[in-house]
Amino acid sequence: KNQVEQSPQSLIILEGKNCTLQCNYTVSPFSNLRWYKQDTGRGPVSLTIMTFSENTKSNGRYTATLDADTKQSSLHITASQLSDSASYICVVSAASGGYNKLIFGAGTRLAVHP
Amino acid sequence: DAGITQSPRHKVTETGTPVTLRCHQTENHRYMYWYRQDPGHGLRLIHYSYGVKDTDKGEVSDGYSVSRSKTEDFLLTLESATSSQTSVYFCASQTGEVNTGELFFGEGSRLTVL
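Rules used throughout
- Residues numbered from 1 in each chain as written.
- Chains lettered and ligands numbered in written order.
- Predicted model: local features only at pLDDT ≥ 70, side-chain atom pairs only at ≥ 80, totals over all residues.
- Heavy atoms only, no water.
- 1 Å grid on protein atoms, 1.4 Å probe; cavity = no way out; pocket = protein on both sides within 12 Å on 5 of 7 lines; lining within 4 Å.
- Points joined across faces, edges and corners; volume = space filled by probe spheres on them.
- Helix = DSSP H or I, 4+ residues; strand = E, 2+ residues; numbered from the N terminus.
- Nonpolar A, V, L, I, M, F, W, Y, C, P; charged D, E, K, R; others polar.
- Contact = heavy atoms within 4.5 Å.
- Buried area = accessible area lost by both parts, 1.4 Å probe.
- Salt bridge = Lys/Arg side-chain N within 4 Å of Asp/Glu carboxyl O.
- Polar contact = N/O pair within 3.5 Å; in protein donor to acceptor, adjacent residues only side chain to side chain.
- Disulfide = S-S within 2.5 Å.
- Buried < 20%, exposed > 50% of the residue type's maximum accessible area, 1.4 Å probe, protein only.
- Pairing = 2+ DSSP bridges.
- Axes fitted to C-alpha atoms, helices over the stretch in contact; angles between N-to-C directions.

Caption draft 1: Expanded view of the layout of surface pockets. Within this model, the largest pocket holds a volume of roughly 1300 Å³. Along its surface, the largest pocket is lined by 49 residues, and B:Q37, B:D38, B:H41, B:G42 and B:L43 are the ones closest to its centre. Within the residue set of the lining of the largest pocket, elements represented by two or more residues are β1 (3-7), β9 (86-94) and β10 (101-104) of chain A together with β4 (31-37), β5 (44-51), β9 (87-94) and β11 (109-113) of chain B. When its residues are assigned to classes, the lining of the largest pocket shows 15 nonpolar, 22 polar and twelve charged.

Listed below in structure tokens is the structure:
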């Protein structure tokens, strides 16, 4: 069964600190892995998309890593800001002929406190 | 950002009534998706469309139907709403290739079925 597991479920950090969110997946066949940010009451917004051959990808203060051998990914946030408070969703795309078959994790809810 | 809007944003209805949610995109994207988001779960695919009049079922399609008469509009219909369909519904449209294209999400439609 295709699954995406994220940890921790929730996290509280102080403004300016770094944090790392984890994602483990069992999805086959694998196409790519994505991280989304979802603010409360809004739709998800893409942060990164990584294919099998990419180990690291950055988007500003966000850096995603992918280990396709162990089927793990992480999202590192550097020098957190209050605006980073959101849910972060790991999504794996399973290679499919007809449509973009995305398996969503349940998300990690991050709260950044001043 | 891709121009994708959903309506209504909030709706309260009674069990047994029909409900239609509308998704409108201005980017001429071929692929469109309807998801539902429930607490503790990742987004789950209800239906998708790969072109005008071309639609297919996702993993949680029971009780839902869709229509796409124009590229820009993708409608989700609950023929007879049930309490289990209380959820937040997200529409997305997709650029690029089927497995690697980027998804752009709407702001969500919160539906409460009493």
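Caption draft 2: Structural view of the interface of chain A and chain B. In this assembly, 24 residues from chain A lie in contact with 22 residues from chain B. Both faces considered, chain A and chain B share a buried interface measuring about 1700 Å² in area, 51% of it formed by carbon and sulfur atoms. Interface area lost by chain A to chain B is led by A:Y99, A:N100 and A:F104, which between them contribute 32%. Our enumeration of links across chain A and chain B arrives at one salt bridge. For A:R42, the salt bridge is made with B:E107, and the minimal N-O distance between the two is 2.3 Å. On inspection of chain A and its partner chain B, the count reaches ten residue pairs in polar contact (both at pLDDT 80 or more). Mapped by element, the contributors of at least two residues to the side of chain A that touches chain B are β4 (30-38), β5 (45-51), β9 and β10 of chain A. Broken down by element, the residue count for the side of chain A that touches chain B peaks at five residues, all from β4(A). Of the residues in the side of chain A that touches chain B, the class split is ten nonpolar, twelve polar and two charged.

Caption draft 3: Structural detail: the state of the cysteines. Applying the stated rule across the entire model yields two disulfides over all chains. In this model, B:C23 is linked to B:C91 through a disulfide, with the two sulfur atoms separated by 1.9 Å. One quick way to see it: the torsion about the S-S bond of B:C23 and B:C91 is about -75 degrees, and its sign makes the bridge left-handed. Taken together, the positions of B:C23 in strand β3 (residues 19-25) and B:C91 in strand β9 put the pair 68 residues apart, joining distant regions of the chain. In terms of burial, B:C23 and B:C91 fall into one category: buried. Residue A:C19 stays outside any disulfide, its sulfur separated by 15 Å from that of A:C90, the closest cysteine. The class of A:C19 is buried, set by a relative accessible area of 6%.

Caption draft 4: Expanded view of the pattern of salt bridges. Residue and element names in this part refer to chain B. Per the stated rule, a full pass over the model turns up eight salt bridges over all chains. Across the pair R36 and D38 runs a salt bridge whose closest N-O atoms are separated by 2.9 Å. Residues participating in the shared-partner salt-bridge network are R22, K70 and D73.

Caption draft 5: Geometry of the sheet that holds strand β1 (residues 4-7) of chain B. All names here are of chain B. In space, the four strands of this open sheet follow the order β1-β3-β8-β7, with antiparallel pairing throughout. Each having just a single partner strand, β1 and β7 (64-70) make up the two edges of the open sheet. Strand-to-strand twist in this sheet, taken as the mean axis angle between neighbours without regard to direction, amounts to 20 degrees. Judged from the five bridges that link them, β7 and strand β8 (residues 73-78) form a sheet pairing that is antiparallel.

Caption draft 6: Quick look at the side chain of B:Q37. By secondary structure assignment, the location of B:Q37 is in strand β4. Overall, the relative accessible area of 19% leaves B:Q37 in the buried class. Within polar-contact distance, the side chain of B:Q37 engages the side chain of A:Q38 at 2.9 Å. Setting aside chain neighbours within four positions, we find B:Q37 in contact with A:Q38, A:I89, B:L43, B:S87, B:V88 and B:F90.

By themselves, these observations are geometric and do not establish any function.
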